[in-house]
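Read off the chains here:
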Amino acid sequence: MDKYVNEAVEQFKALLEEQIARERKMEAEKCVVDFEKLPKIIIGICGGDGIGPIISAESERLLQFLLKDEIAAGKIELRTIEGLTIENRIAKNRAIPDDVLAEIKKCNVILKAPTTTLKGGTLESANVAMRRELDLYANVRPVCVPDKNIDWTFFRENTEGEYVLGSRGVEIPDTLAFDFKVTTNEGTRRIARAAFEYARKNGKTNVAIVTKANIMKKTDGRFSELCHEVAADYPEITAEDWYIDIMTANLVNERVRDRFQVFVLPNLYGDIITDEAAQIQGGVGTAGSANIGDKYAMFEAIHGSAPRMIEEGRGKYANPTSMFKATEMMLSHIGYKDKADKLNRALVICTEEKPKYIITGRSDGATCTEFGDYLMQTISEL
Ligand code: IPM
Ligand code: MG
């Protein structure tokens, strides 16, 4: 038993040193890319697993359509990134194989289809690895249901919490398992700033800081405290503390939910609550997600790769809406707000106002391509 304990202590020491170094580096290196100043923006497209290649191909078609002139003028390049597949990742035993990561880093932004995440084992999730490798600290997830007066934007911390060391816990055979959760000062401040800046720029008056600081006193306690420190620079915005459990109830409480605007939360709570929020909007297939860092950004669907749809031969009926929403967020991020707004408008028409093609995920519904065609036709008529 002593042997295991000593090994665990050594491992914890190494993790601690590594995380201290990460926090210091975060503080030292702050350099935000200005997309307007780039001579060319390279958009990398990762096809992923399961339904991923199908829905990302549809997004690529949409980008080619929307950015036709910019691509022709050499201002934008769409680049296919091969190899971010579960087969290749298992073969190389890497969350993101080194050559794939090198290609990704040559791009400015990434549009990423869902990738399969294995339960257990040691192979880390490609999402988590990419968020860490590209330091994509702000996971921004909007949820909007106009007829219910819901307009929420979640700022999920994306590089810390249970996730950052989630694949590096310790085990004492036949006895126990231990995982680690980490919250750093700068890691918290930067997500808090992102949330409050967004609130300010968009005329929002309320930011909910959502934790379980009554139980996770160190990590969540510090998260809440630091968010309040940042909030002091935004006196026009009310910063409220909420616990994650009651907040999950609030989201389904029609009497209170429409008063919430912006949320800032540690990684795992953000993961869980954004699925709930997306379900209120119509399902995880309807939600897009932006993973923003100072240098890189990655845009993705919030759902998984739906391997069952492929096994049952239903891949072509997959819903591309989440990838289209991710595409919209990407366009806005790289400075094409007008095109993003057009896409948003067309999505509302195609899914709510004149839903000519309904996607059910089965053969009684439209195909991904039919829906994509209808969307592009709608955009051209705007
Ligand atoms: C998400 C997903 C990922 C996460 C998985 C696939 C690792 O659920 O983006 O919300 O937990 O972050
Ligand atoms: Mg999730």
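See the structure printed just above.
Residues numbered from 1 in each chain as written. Chains lettered and ligands numbered in written order. Predicted model: local features only at pLDDT ≥ 70, side-chain atom pairs only at ≥ 80, totals over all residues. Heavy atoms only, no water.

**A short note on the packing of aromatic side chains**
Rules: When two rings of Phe, Tyr or Trp (its six-membered ring) have centres within 6.5 Å they constitute a pair, described as stacked for plane angles under 30 degrees, edge-to-face for angles over 60, and tilted for the intermediate range. Numbering of helices and strands runs from the N terminus, with a helix taken as a DSSP run of H or I at least four residues long and a strand as a DSSP run of E at least two residues long. Throughout this description, buried means an accessible area under 20% of the type-specific maximum (1.4 Å probe, protein chains only), exposed means over 50%, and partly exposed covers the range between.
As enumerated under the stated definition, the model contains 11 aromatic pairs in all. On the basis of an interplanar angle of 20° and a centroid distance of 5.3 Å, the ring pair of Phe 12 and Phe 180 is categorised as stacked. One end of the pair, Phe 12, is in helix H1 (residues 2-28); the other, Phe 180, is in the loop between strand S7 (176-178) and helix H8 (185-201), and 168 residues separate them in sequence. Owing to a relative accessible area of 13%, Phe 180 belongs among the buried residues under this scheme. Among the aromatic residues, those joined into a ring-pair cluster are Trp 152, Phe 154, Trp 242, Phe 260 and Phe 263.

**As for the packing of H1 against H8**
To keep things clear, this is the line we draw: Only the stretch in contact is used when fitting a helix axis, every axis being a line fitted to C-alpha atoms; angles between N-to-C directions are given from 0 to 180 degrees. Angles are sorted into four bins: roughly parallel if under 35 degrees, roughly antiparallel if over 145, roughly perpendicular if 65 to 115, and oblique for all others. By the convention used here, residues are in contact when the closest approach between their heavy atoms is within 4.5 Å. Throughout this entry, Asp, Glu, Lys and Arg are counted as charged residues, while Ala, Val, Leu, Ile, Met, Phe, Trp, Tyr, Cys and Pro are counted as nonpolar. The remaining residues, Gly among them, count as polar.
The contact between H1 and H8 brings their axes to 8 Å, and the two run at 45°. When the axis of H1 is compared with that of H8, the two are oblique. Listed contacts from H8 to Glu 23, Met 26 and Glu 27 of H1 are Asn 185, Glu 186, Gly 187, Arg 189 and Arg 190. Taken together, the residues of the contact of H1 with H8 sort by class into 1 nonpolar, 2 polar and 5 charged.

**Focus: the nonpolar core**
We count it as follows: Side-chain atoms within 4.5 Å link the members of a nonpolar core, which is a set of buried Ala, Val, Leu, Ile, Met, Phe, Trp, Tyr and Cys residues.
Membership of the largest hydrophobic core comes to 63 residues, with the highest contact counts inside it found for Ile 43, Leu 63, Val 109, Val 264, Phe 299 and Leu 375. Sequence-distant contacts of Leu 63, defined by excluding residues within four places in its chain, comprise Ile 43, Ile 45, Lys 68, Ile 71, Leu 78, Leu 111, Thr 327, Met 330 and Leu 331. One finds Leu 84, Ala 95, Val 100 and Ile 104 within the second-largest nonpolar core, a separate group that totals 18 residues.

**Considerations on the side chain of Glu 328**
Note the cut-off: Only four residue types enter the tally: Lys and Arg on the positive side, Asp and Glu on the negative side; His and the chain ends are excluded. Throughout this description, the term salt bridge denotes a Lys or Arg side-chain nitrogen within 4 Å of a carboxyl oxygen of Asp or Glu. What qualifies as a polar contact is a pair of N or O atoms within 3.5 Å, subject to a donor-acceptor requirement within protein and to the restriction that residues adjacent in sequence count only when both atoms come from side chains.
Considering the arrangement of structural elements, one finds Glu 328 in helix H13 (residues 321-333). Among buried Asp, Glu, Lys and Arg side chains, Glu 328 stands out as unpaired, with Lys 325 the closest opposite charge at 6.3 Å. There is a polar contact of 3.1 Å between the side chain of Glu 328 and the side chain of Asn 344. Here Glu 328 is in contact with Ala 340, Leu 343, Asn 344 and Leu 347, once residues within four sequence places are set aside.

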